[in-house]
Amino acid sequence: MNKNEWEQIAENLKNELKQSEKTQEEIANLIGIDRTNISFYLNGQTLPSLVTLKKLCFVLNCTYEDILGKPEL
């Protein structure tokens, strides 16, 4: 995965978070992680695990594709 893809995932996650109208703290509490992890995801410093991604999608009411983008075939 290249830098542009990481940045796009971070941007997609920011958009989903904004649409949800939930704070980073609320989301972190709902999925059982530290708020700093959410910050790392939003800044493109790290990616969520698949388990965390699944929880994020549930809490944000979105799909994997909304965050990861659609695959290029």
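Scroll up a little and you will see the structure.
Residues numbered from 1 in each chain as written. Predicted model: local features only at pLDDT ≥ 70, side-chain atom pairs only at ≥ 80, totals over all residues. Heavy atoms only, no water.

### Focus: the overall build of the protein chain
Reasoning step 1: Helix and strand counts for the protein chain come out as 5 helices and 0 strands.
Reasoning step 2: Listed by position from the N terminus, the elements making up the protein chain come as α-α-α-α-α.
Reasoning step 3: Taken over C-alpha atoms, the radius of gyration comes to 11 Å for the protein chain, in line with the 11 Å a tight globule of 73 residues would show.
Reasoning step 4: Dimensions along the principal axes, computed over C-alpha positions, put the protein chain at roughly 35 × 20 × 20 Å.
Reasoning step 5: Here the contacts in the protein chain between residues at least 6 apart in sequence split such that 53% fall between residues at least 24 apart.
Reasoning step 6: Accessible area of the protein chain: about 5200 Å², with a carbon and sulfur share of 50%. (Helix = DSSP H or I, 4+ residues; strand = E, 2+ residues; numbered from the N terminus. Rg over C-alpha atoms; globule rule 2.2 N^0.38 Å. Contact = heavy atoms within 4.5 Å. Areas by Shrake-Rupley, 256 points an atom, 1.4 Å probe, with all protein chains shown as cover.)

### Some words on the environment of I67
Reasoning step 1: Relative to the elements of secondary structure, I67 occurs in helix α5 (residues 64-68).
Reasoning step 2: Separated by 10 residues in sequence, I67 and C57 place their C-alpha atoms 8.1 Å apart.

### What to know about helix α4 (residues 50-60)
Reasoning step 1: For α4, the full list of buried residues reads T52, L53, L56, C57, V59 and L60. In an axial view of α4, the angular spread of the buried residues amounts to 170°, which keeps them on one side of the axis. Pointing more than 90 degrees away from the buried face of α4 are the exposed residues L50, V51, K54 and F58.
Reasoning step 2: Against the buried residues of α4 lie α1 (3-20), α2 (24-31), α3 (35-42) and α5. (Buried < 20%, exposed > 50% of the residue type's maximum accessible area, 1.4 Å probe, protein only. Arc of directions from axis to C-beta.)

### Considering unusual backbone geometry
Reasoning step 1: Here E21, not a glycine, exhibits a phi torsion of approximately 60°, which is positive.
Reasoning step 2: Within the secondary structure layout, E21 lies in the loop between α1 and α2.
Reasoning step 3: Since its relative accessible area comes to 72%, E21 is described here as exposed.
Reasoning step 4: Positive phi is not limited to glycine here, since N61 has a value of about 55°.
Reasoning step 5: Within the secondary structure, N61 sits in the loop between α4 and α5.

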